[in-house]
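Structural overview
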Amino acid sequence: MKRNKVLISGLFIIGVLSTIALLAPFLSPYDPSLIDSSSLLAPPSLRHLLGTDSLGRDLLSRLIYGARISLSIGLIAMGIATFIGLIFGSIAGYYGGIADSLIMRFVDIVLCFPVFFLILAVVAIFEPSIINIMVIIGLTGWMGTARLVRGEILSLKEREFIQAAKAIGASGPRIILRHLIPNAAGPVLVNATLGVAAAILLESGLSFLGLGVQPPTPSWGSILIESKSTLGVAWWITLFPGLAILITILAFNMIAEGLKKEIG
Amino acid sequence: MINYILKRLLSIIPLLLGITLISFAVIHFAPGKPVELQESLNPKVSPEVRLRLQKLYGLDKPVYAQYIDWLARVAKLDFGRSFNDNRPVMEKIAERIPLTLTINIFSLIIMFGLAIPIGVKASLTPGGKFDSITTVILFMLFAAPSFWLALILMQLLCINLNLLPISGVVSLDFEYMGWWQKALDIGRHLFLPILVSSISGLAGISRYMRSSMIEALNQPYIYTARAKGLSEKKVVYKHAMRNAVIPIVTILGLSVPGLLGGSVIFESIFALPGIGRLFYEAVMTRDYPLIMAEVVIGAVLTMFGNLLADIAYATVDPRIRYKK
């Protein structure tokens, strides 16, 4: 196997970011919500490596704690979406018939809703909280996975090993869980990796609009809320959280790209 | 062709029913009906407004009757009145459409105008210098949150270089300008929003164009064209590109939901009074009739976008419409 540089670098970046997120209490130089009125909007310096915000809170510490929130929202939202997509997709693909038409028509309908509109409308009804954001992003993001899984299963189920499993009397759920889904894992994994990136982007956009993670909880998007009022005064508040998002999304996209190459 | 169009038109009926049913369900089965929620969140709601709301949603009737009533009104584009200022929702939306439409049309033109040449040029030497550089740049742009790019460009162009106005549609002295000054003024205000919203779709479309072009260049008819001694220019632009562009037309129809979602963010950042900002304000103030109207209209627009994409595709590629 030729060394897959894109995949390895992507995995490395995400590994580092996850470690930082896990070890946040040990790594962050300050308490992320510690208000220091003696250094408001301080530019990056040795004392505050990435500067401070308008309440004097250390930006680096907030970004480190923000990594926890943003990464976990991305991962859990993707997990929910992939789980639902797998269930619907495999039922539609394996059983066909009415189940298939019903599920796929439902997918068509949900796909008509502009995702961002749908999410905002739901946020307006339920209060925005970290759990709600994860669930909402997950519930509005499974349709692509369902279509993908269905397609994979449609082509897999004609293969000999599935016929053999059927011949020895394996039940439908067993065939789906033990034989079909493991063989469709590659494309689903690529799709899920892209899903994490998409969920993190969505969360940052929502939080930036004030409809996602609520201040003072730091997520990369909610830190950026302040950048609108400090534009032209404190460039560091705009630059660094955005760079954190960019690097993360880039790394997940690199993993997806690299995985695609591995699968062939 | 007519058969194909008719078939596609018929298929939108269940979609329309599904869209309205889901929209209705979202608002209806929300914890706390809109009327109660509105009351608890907005103390300004008077008993009179409350009564009208109950009538609007027909809350005294069974659920299916409420849905049918609501559907009948929606079919006449009657989405009720806004909670905030009591004006008809459709009127509020209609006056905001021209701005959002203008921004999106221009950004689509820029998006496709840049993405197609980039994709074609990259496909000619895959792995070459141009391909590698544009791939890296586009990958970065694809990973950057678009609202962050907007903030960075605002900082650079509007504050540091002081080249462009920072927000709004017109300057304060707009009234006293000549017509060409007015046009220039609007152009200067909309330049950045259009630029940023065109960047967001650029990466995907040019990558798509590139792979579509690479595929086209490996088709047998390209060998034929080369074998009969056509110039490389003719082979690339006349034979390969015309075929490779076909799948791109479908993206045009499919980009509706992305553009609508983007308009919420950009119009909020740049303080532009379009339908995106209207939706944002509606969400912030929990103006349910307005939220419902925009969700339904957004979904229907997306559906027609898909429909147009399919029909356009079938028009330029006969293979589609003869397939079962």
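Residues numbered from 1 in each chain as written. Chains lettered and ligands numbered in written order. Predicted model: local features only at pLDDT ≥ 70, side-chain atom pairs only at ≥ 80, totals over all residues.

1. Section: the overall build of chain A
When helices and strands are counted, chain A shows twelve helices and zero strands. Listing every helix and strand of chain A by position from the N terminus yields α-α-α-α-α-α-α-α-α-α-α-α. Its C-alpha atoms give chain A principal-axis dimensions of about 75 × 50 × 25 Å. Buried residues in chain A amount to 46% of all 264 residues. Considering only contacts within chain A whose residues lie at least 6 apart along the sequence, 71% involve residues at least 24 apart. (Helix = DSSP H or I, 4+ residues; strand = E, 2+ residues; numbered from the N terminus. Buried ≥ 20, exposed ≤ 12 C-beta atoms within 10 Å, placed from the backbone. Contact = placed C-beta atoms within 7 Å.)

2. Some details on the overall build of chain B
Looking only at helices and strands, one finds 14 helices and zero strands in chain B. The order of α-helices and β-strands along chain B, N terminus first, is α-α-α-α-α-α-α-α-α-α-α-α-α-α. When the backbone C-alpha atoms are referred to their principal axes, chain B occupies close to 80 × 60 × 35 Å. Taking all 324 residues of chain B together, the buried fraction comes to 35%.

3. Here's the deal with unusual backbone geometry
Phi is mostly negative for residues that are not glycine, and the peptide bonds are mostly trans. The linkage connecting Pro215 of chain A with the following residue, Pro216 of chain A, adopts the cis geometry, with an omega of 10°. For Pro216 of chain A, the location among the structural elements is in the loop between α10 (185-208) and α11 (220-224). Its identity as a non-glycine residue notwithstanding, Leu77 of chain B has a phi of 60°, on the positive side. Within the chain, Arg286 of chain B stands out as a residue other than glycine whose phi angle is a positive 50°. Note that Arg286 of chain B resides in the loop between α12 (275-284) and α13 (288-316).

4. Digging into the confidence of the model for chain A
Here chain A averages 90 in pLDDT, while 99% of its residues score no lower than 70. For chain A, the element scoring lowest by mean pLDDT is helix α5 (residues 115-125) of chain A, at 86; helix α3 (residues 59-95) of chain A scores highest, at 95. (pLDDT = per-residue confidence, 0-100.)

5. Observations regarding the interface of chain B and chain A
With 37 residues of chain B in contact, the opposing surface of chain A contributes 34 residues. Listing elements by their share of the side of chain B that touches chain A, those giving two or more residues are α1 (2-28), α6 (129-143), α7 (146-160), α11 (256-269), α12 and α13 of chain B. By residue class, the composition of the side of chain B that touches chain A is 29 nonpolar, six polar and two charged. (Nonpolar A, V, L, I, M, F, W, Y, C, P; charged D, E, K, R; others polar.)

6. Some words on the packing of helix α12 (residues 235-263) of chain A against α6 of chain B
Put simply, α12 of chain A and α6 of chain B touch, their axes get as near as 8 Å, and they point 120° apart. Here α12 of chain A is positioned oblique relative to α6 of chain B, judged by the angle of their axes. The two elements α12 of chain A and α6 of chain B cross, and the hand of that crossing is right-handed. Residues Leu246, Ile249, Leu250 and Asn253 of chain A of α12 of chain A touch α6 of chain B, and the partners they reach there are Phe139, Met140, Phe142 and Ala143 of chain B. (Axes fitted to C-alpha atoms, helices over the stretch in contact; angles between N-to-C directions. Parallel < 35°, antiparallel > 145°, perpendicular 65-115°, else oblique. Left-handed = near helix turned anticlockwise from the far one by under 90°.)

7. Examining the confidence of the model for chain B
In the predicted model, chain B carries a mean pLDDT of 85, and the fraction of residues at 70 or more is 90%. Element-level pLDDT for chain B is lowest in helix α2 (residues 34-41) of chain B, with a mean of 54, against a maximum mean of 93 in helix α5 (residues 89-124) of chain B.

8. Description of α10 of chain A
Each full turn of the α-helix corresponds to 3.6 residues, which orients residues three or four apart in the same direction. Residue and element names in this part refer to chain A. Relative to the 34 Å expected for 24 residues at 1.5 Å per residue, α10 spans 34 Å between its end C-alpha atoms, a close match to the ideal helical length. With 18 of its 24 residues buried, α10 lies for the most part within the structure. Residue Gly210 follows α10 closely and has a positive phi angle near 85°. (Expected span 1.5 Å × (residues − 1).)

9. A few points about helix α4 (residues 97-112) of chain A
Spanning 16 residues, α4 of chain A covers 23 Å between terminal C-alpha atoms, matching the ideal 22 Å at 1.5 Å per step. Among the residues of α4 of chain A, Ile103, Ile109 and Cys112 of chain A are the ones counted as buried. Of the surrounding secondary structure, the elements contacted by the buried residues of α4 of chain A are α3 of chain A together with α1 and α13 of chain B.

10. A word on the packing of α5 of chain B against α12 of chain B
All names here are of chain B. At a closest axis distance of 7 Å, the pairing of α5 and α12 adopts a crossing angle of 135°. Taken together, the axis directions place α5 and α12 in an arrangement best described as oblique. Contacts between α5 and α12 involve Lys92, Ile93, Arg96, Ile97 and Thr100 from the first element and Ile275, Gly276 and Leu278 from the second. Looking at side-chain class alone, the contact of α5 with α12 contains four nonpolar, two polar and two charged residues.

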